[in-house]
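Letter by letter, the chains look like this.
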Amino acid sequence: MEKLIMQVLFVVGLAAWFAWVLTRRYLNIGFDRKETGEPPTDAELRWHITNMRQDISMLAVTNFAILLVLVFALVLKL
């Protein structure tokens, strides 16, 4: 019974993480590309740096989720 509860909680947590990733990735669209060859302004550079930080954070969360799946599979021997 305890194993079943742990499995259900893990699946619920995985579904919540997946929903968070999808909403963060697809509902946060803000691309505004500049067509000219002028150098970017300070505001554009800050925007790009912010987006790079968000992408790195997303990679870290994804890697952590993969690690959790592997640990869950190894510990509970699914």
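Right above here is the structure, for reference.
These figures come from a predicted structure and were not determined experimentally.

1. A few points about the overall build of the protein chain
Argument step 1. Within the protein chain, the secondary structure is distributed over 2 helices and 0 strands.
Argument step 2. Within the protein chain, the proportion of its 78 residues that are buried is 6%.

2. Thoughts on the packing of helix α1 (residues 2–26) against helix α2 (residues 42–76)
Argument step 1. Where α1 meets α2, the axes come as close as 12 Å, and the angle between the chain directions of the two elements is 165°. Between α1 and α2, the angle is such that the two are roughly antiparallel. The hand of the α1/α2 crossing is left-handed. For the pair α1 and α2, the contacting residues are K3, M6, Q7, F10, L14, W17, W20, V21, R24 and R25 in the first and Q54, D55, M58, V61, T62, A65, L68, V69, F72 and L76 in the second.
Argument step 2. Within the contact of α1 with α2, the residues separate by chemical class into 13 nonpolar, 3 polar and 4 charged.

3. Focus on the packing of aromatic side chains
Argument step 1. Counting across every chain of the model gives 1 aromatic pair.
Argument step 2. Measuring from centroid to centroid gives 4.0 Å for F10 and F72, while their planes differ by 5°, and the two rings are stacked. Within this pair, whereas F10 is found in helix α1, its partner F72 is found in helix α2, the two being separated by 62 residues in sequence.

4. Digging into the environment of T62
Argument step 1. In this fold, T62 is placed in helix α2.
Argument step 2. Note on T62: relative accessible area 25%, which makes it partly exposed.
Argument step 3. Taking the C-alpha atoms as reference points, T62 and W17, separated by 45 residues in sequence, lie 9.1 Å from one another.
Argument step 4. In this structure the side chain of T62 is engaged in a polar contact, spanning 2.8 Å, whose partner is the backbone oxygen of M58.

5. Some remarks on the environment of W20
Argument step 1. Checked against the element boundaries, W20 lands in helix α1.
Argument step 2. If near-sequence neighbours (up to four positions away) are discounted, W20 is found in contact with M58 and V61.

6. Topic: the environment of L68
Argument step 1. By the secondary structure assignment, L68 is in helix α2.
Argument step 2. Taking relative accessible area as the criterion, L68 reaches 39% and is therefore assigned partly exposed.
Argument step 3. Separated by 54 residues in sequence, L68 and L14 place their C-alpha atoms 9.3 Å apart.

7. Quick look at a nonpolar patch on the surface
Argument step 1. Together, M1, L4, I5, V8, L9 and V12 give the surface a local cluster of nonpolar side chains, amounting to about 640 Å² of exposed area.
Argument step 2. Looking at I5, the relative accessible area reads 45%, which means it is partly exposed.

The rules behind these values
Residues numbered from 1 in each chain as written. Predicted model: local features only at pLDDT ≥ 70, side-chain atom pairs only at ≥ 80, totals over all residues. Heavy atoms only, no water. Helix = DSSP H or I, 4+ residues; strand = E, 2+ residues; numbered from the N terminus. Buried < 20%, exposed > 50% of the residue type's maximum accessible area, 1.4 Å probe, protein only. Axes fitted to C-alpha atoms, helices over the stretch in contact; angles between N-to-C directions. Parallel < 35°, antiparallel > 145°, perpendicular 65-115°, else oblique. Left-handed = near helix turned anticlockwise from the far one by under 90°. Contact = heavy atoms within 4.5 Å. Nonpolar A, V, L, I, M, F, W, Y, C, P; charged D, E, K, R; others polar. Phe/Tyr/Trp six-rings, centres within 6.5 Å; stacked < 30°, edge-to-face > 60°. Polar contact = N/O pair within 3.5 Å; in protein donor to acceptor, adjacent residues only side chain to side chain. Patch = residues over 30% accessible without salt bridge, like charges linked within 9 Å, V, L, I, M, F, W, Y side chains within 5 Å. Areas by Shrake-Rupley, 256 points an atom, 1.4 Å probe, with all protein chains shown as cover. Salt bridge = Lys/Arg side-chain N within 4 Å of Asp/Glu carboxyl O.

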